[in-house]
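# Descriptive structure summary
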Amino acid sequence: MKKLFISQPMKGKSEDEILQERAKAIAEAERLLGEPVEPLETYFGKDYRPLEFLGKSIMYLAQADAAYFAPGWAVARGCKIEHTCAVEYGIPIVGE
């Protein structure tokens with residue numbers, strides 16, 4: 001089972017919206033990969049500053065076998081940085 005990193009815009013979204021989007025991302029990644037995935041837990045709640053979130057996320061990205069970028073990632077500051085890291089460090093991106 002592949003470990004999946006999910007990058008998704010979170011600014012201005014409720015916890016329910018974030019978790020619903022994560023569930024959709026997991027289902028889409030499993031469909032595209034043709035196998036179940038183990039999502040890395042990269043939703044940390046709201047108790048951190050944005051740069052702290054990003055640092056923690058990149059640590060999880062380093063453990064991933066694949067990364068999925070949810071709709072809207074290309075205009076979200078942290079997601080763009082995560083995408084650059086995935087590309088530069090050879091983490092396969094699902095769905096691109």
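Coordinates for the structure precede this section.
Residues numbered from 1 in each chain as written. Predicted model: local features only at pLDDT ≥ 70, side-chain atom pairs only at ≥ 80, totals over all residues. Heavy atoms only, no water.

Taking 1.5 Å per residue, 12 residues should reach 16 Å; helix α2 (residues 50-61) reaches 16 Å between its end C-alpha atoms and fits that length. Within α2 the residues assigned to the buried category are Leu54, Ser57 and Leu61. Projection of α2 onto a plane perpendicular to its axis shows the buried side chains occupying an angular sector of 65°, all on one side. Of the surrounding elements, those touching the buried residues of α2 are β1 (2-7), β3 (66-69) and α3 (77-88). (Helix = DSSP H or I, 4+ residues; strand = E, 2+ residues; numbered from the N terminus. Expected span 1.5 Å × (residues − 1). Buried < 20%, exposed > 50% of the residue type's maximum accessible area, 1.4 Å probe, protein only. Arc of directions from axis to C-beta. Contact = heavy atoms within 4.5 Å.)

Turning our eyes to something else, we now look at the packing of α2 against α3. Packing of α2 against α3 leaves a shortest axis separation of 10 Å and a crossing angle of 25°. By the angle between their directions, the pair α2 and α3 is classed as roughly parallel. Both α2 and α3 take part in a crossing whose hand is right-handed. Residues Pro50, Leu54, Ser57, Ile58 and Leu61 of α2 pack against Arg77, Gly78, Ile81, Glu82, Cys85 and Ala86 of α3. For the contact of α2 with α3, the class distribution of residues is seven nonpolar, two polar and two charged. (Axes fitted to C-alpha atoms, helices over the stretch in contact; angles between N-to-C directions. Parallel < 35°, antiparallel > 145°, perpendicular 65-115°, else oblique. Left-handed = near helix turned anticlockwise from the far one by under 90°. Nonpolar A, V, L, I, M, F, W, Y, C, P; charged D, E, K, R; others polar.)

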